[in-house]
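# Structural features, examined
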Amino acid sequence: MKSKSPSFTVRDAYYGDYDGENAYYVIAEFASEPTNDDLFNFNERILSLSVPVHAETDQLPFIQSGYTEDGIYYEVHGEPPAQYRSISQEVTRQVTYEGKVNPPQQLYWEEQIYGITYTGTLQLVGLIYRNNQTIASYKGIITSKN
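Conventions and cut-offs
- Residues numbered from 1 in each chain as written.
- Predicted model: local features only at pLDDT ≥ 70, side-chain atom pairs only at ≥ 80, totals over all residues.
- Heavy atoms only, no water.
- Helix = DSSP H or I, 4+ residues; strand = E, 2+ residues; numbered from the N terminus.
- Buried < 20%, exposed > 50% of the residue type's maximum accessible area, 1.4 Å probe, protein only.
- Contact = heavy atoms within 4.5 Å.
- Areas by Shrake-Rupley, 256 points an atom, 1.4 Å probe, with all protein chains shown as cover.
- 1 Å grid on protein atoms, 1.4 Å probe; cavity = no way out; pocket = protein on both sides within 12 Å on 5 of 7 lines; lining within 4 Å.
- Points joined across faces, edges and corners; volume = space filled by probe spheres on them.
- Nonpolar A, V, L, I, M, F, W, Y, C, P; charged D, E, K, R; others polar.

## Details of the overall build of the protein
Broken down by element type, the protein carries one helix and eight strands. Listing each helix as α and each strand as β along the protein from the N terminus yields β-β-α-β-β-β-β-β-β. Counting all 146 residues of the protein, 34% fall into the buried class. Sequence-distant contacts in the protein: of pairs separated by 6 or more residues, those separated by 24 or more amount to 51%. Counting only carbon and sulfur atoms, one obtains 49% of the accessible surface of the protein, whose full area is about 9,800 Å².

As structure tokens, then:
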């Protein structure tokens, strides 16, 4: 009879650099010492989980579209912040690029929210490649320019 793999808790997950390529790191804590088979099963389970981006961008409100400096079409989707007027807003924005793209780790962002212009730098927090599209999720705090 096959023994049950030890339970685990994911403590952190992030994108980082590995030999010049983006890599998805997962920090997990196991309930007991895992075997090689347990680690293999863990990898299969992690790969089956979705990263923190929506697979279908049409589930989120459209914000804007445009072209990168390289001529790649993109669309931006995201929820409007709950706060009506404030000096700063925390936002998550999902950028969908046509084709397989290596998106930037940081993204300068400017957006009008409730008639106020906000700007700031957003950090890449998730990334998937699906249906010939790269979907990157960015999060950060933007501040009022007005």
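Next, the rest of the story.
## Quick look at the environment of P80
Here P80 is to be found in the loop between β4 (73-77) and β5 (88-98). It is 8.2 Å that separates the C-alpha atoms of P80 and P61, two residues lying 19 residues apart in sequence. The residues touching P80, leaving out its near neighbours within four places in the chain, are P61, R93 and Y114.

## Things to note about the layout of surface pockets
If you add up the space inside the second largest pocket, you get close to 160 Å³. When contributions to the lining of the second largest pocket are tallied by element, the ones reaching two or more residues are β3 (62-67), β4, β5 and β6 (106-113). Looking at which element gives the most residues to the lining of the second largest pocket, the answer is β6, with four residues. Classifying every residue of the lining of the second largest pocket by side-chain character gives eight nonpolar, two polar and two charged.

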